Amino acid sequence: MTLFLLTFFLIYGSMHLYVFLKARSVFAFNTLASIVVALFMLAMIFAPVIVRLSERAGLEAFARLASYAGYMWLGILFLFISVALVIDVYRLTVHASGVMLNKDLSSLSVSKNSAFFIPLSLALLFSIYGYFEAKDIRTETIVIPTPKIPAETGRLRIVQISDVHIGLIMREERLRRILRHVKGANPDILVSTGDLVDGQLDNLSGLSEMLQEVRPRFGKYAVTGNHELYAGLGQAMNFTEKAGFRLLRGEAEIAAGSIVIAGVDDSQVKAAGLAPTITETALLSGFPGDRFIMLLKHRPLIDPNSTGLFDLQLSGHVHKGQIFPFSIITWFYYPTQAGLAQLSARSWLYVSRGSGTWGPPIRLLSPPEVTVIDLIHEDAD
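Residues numbered from 1 in each chain as written. Predicted model: local features only at pLDDT ≥ 70, side-chain atom pairs only at ≥ 80, totals over all residues. Heavy atoms only, no water.

Asker: Tell me about a nonpolar patch on the surface, and name the residues and values.
Answerer: On the surface, I35, L39, L42, F46, V49, I50, L53, L59 and F62 cluster together to form a nonpolar patch covering roughly 810 Å² of accessible area. For the nonpolar patch, the secondary-structure elements that each account for two or more residues are helix 2 (31-45) and helix 3 (47-56). Along the chain, the position of I50 falls in helix 3. (Patch = residues over 30% accessible without salt bridge, like charges linked within 9 Å, V, L, I, M, F, W, Y side chains within 5 Å. Areas by Shrake-Rupley, 256 points an atom, 1.4 Å probe, with all protein chains shown as cover. Salt bridge = Lys/Arg side-chain N within 4 Å of Asp/Glu carboxyl O. Helix = DSSP H or I, 4+ residues; strand = E, 2+ residues; numbered from the N terminus.)

Asker: Go over the packing of helix 2 against helix 3, please, and point to the residues and values.
Answerer: Between helix 2 and helix 3, the shortest axis-to-axis distance is 4 Å and the interhelical angle comes to 60°. The pairing of helix 2 with helix 3 is recorded here as oblique in orientation. Touching A43, M44 and I45 of helix 2 are A47, P48 and I50, all from helix 3. Looking at the contact of helix 2 with helix 3 residue by residue, the classes come out as six nonpolar, no polar and no charged. (Axes fitted to C-alpha atoms, helices over the stretch in contact; angles between N-to-C directions. Parallel < 35°, antiparallel > 145°, perpendicular 65-115°, else oblique. Contact = heavy atoms within 4.5 Å. Nonpolar A, V, L, I, M, F, W, Y, C, P; charged D, E, K, R; others polar.)

Asker: An account of the sheet that holds strand 9 (residues 312-315) is requested, with residue identities and associated values reported.
Answerer: A sheet is described by the order of its strands in space; here six strands give the open sequence 6-7-8-9-11-10, paired in mixed fashion. Two strands close off the open sheet at either side, each with one partner strand: strand 6 (251-255) and strand 10 (339-342). Neighbouring strand axes in the sheet, compared pairwise and without regard to direction, differ in orientation by 20° on average. Summarising the sheet, strand 8 (residues 292-296) and strand 9 pair through three bridges and their orientation is parallel. The residue of strand 9 that forms the bridge with M294 is L312. (Pairing = 2+ DSSP bridges.)

Asker: For helix 3, give the residues involved together with the corresponding values.
Answerer: One turn of an α-helix holds 3.6 residues; hence residues three or four places apart share an orientation. All buried positions along helix 3 are accounted for by A47, P48, V51, S54 and E55. When helix 3 is viewed along its axis, its buried side chains cluster within an angular range of 130° and face the same direction. Structural note: helix 3 exposes L53 and R56 on the side pointing more than 90 degrees away from its buried face. In this structure, the buried residues of helix 3 make contact with helix 1 (2-27), helix 2 and helix 4 (60-101). One or two positions beyond helix 3, positive phi appears at G58, with a value near 80°. (Buried < 20%, exposed > 50% of the residue type's maximum accessible area, 1.4 Å probe, protein only. Arc of directions from axis to C-beta.)

Asker: Describe the environment of L124, listing the residues and the values that go with them.
Answerer: Looking at where L124 falls in the secondary structure, it is placed in helix 5 (residues 114-133). Sequence spacing of L124 and G75 is 49 residues, and the spatial spacing of their C-alpha atoms is 9.5 Å.

Asker: Residues and numbers for the pairing of strand 6, please.
Answerer: As paired elements, strand 6 and strand 7 (residues 259-263) share five bridges and run antiparallel to each other. When the bridges of strand 7 are listed, E253 appears paired with I261. Between strand 6 and the antiparallel strand that follows it, strand 7, lie three residues; A256 among them carries a positive phi value of about 60°.

Structure below.
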């Protein structure tokens, strides 16, 4: 956790320095203006810390205001830098080409002012669009024919939510939007694949009750994500169970008389020494192959020893990058960022884009989703 925070503040501080230098070159700040801008940027850099300290002090209204301000700024800053870097690379290429060819190519370049105001304008436009995209929840439906669902059952409907991040920003209005899609799907089983909560959990009264209203006939199941650890594992587990979910921590249950639902803790919970010691392979090996086995696992990482022992792994965590072009970065670590992927003749992976948002309440080219998985009976060959 300490290494993560140091890395975050180093990168985030460097981003602010880059923007400060670009802004100063355009506006030619005097000493006073430079100090004011620098102090504002320092406040934004440490906004996540300010938010957490305010929550702990019981200053919920201030914490929520600081959260919106700090995280919206984070989103705008990221989008600004994404566009500005492309323009700066282009300007550098034009300049270098002019030097090598001994020609004046300045007419092909972008002016210093344009190199600031174009990214700024696009960042603001993309942020406004992304704010509304984050509220535009999609229902994604996949159908999986399998002989492991009894003919008399016909169809078993599983609804997946993931990465809701209930907290200061994800409150009643946004949760209500998600639950509207969940209820509309009329699930037989509801699963949450981690990060149901985010941050402090002191003032979430009424939100677990909203989740309690969803009562599928074959139950609700959940696993931990990394943010359950950040929020305080004990509190997060209490909230999840109060919301009506059965937490699976290296455990499995038979649901609907025909499907095995297994769940494992997030890798950070394991790294903290707070997870059961049973391995994923050992957990999955105890069931016969004629059962449909569904594995709930927060991160879309595949244990090669487990492939073939489950039929479907449901994951989240990646948010498909949440704000493009961050998805380009996450793709290097998670080749399957969203959607359905076949792992072997037997095993499939489905990765949700997530139902909420982490940090900025913005999504760009990665709309939130509630996933409907229909398991339907198919005669064996």
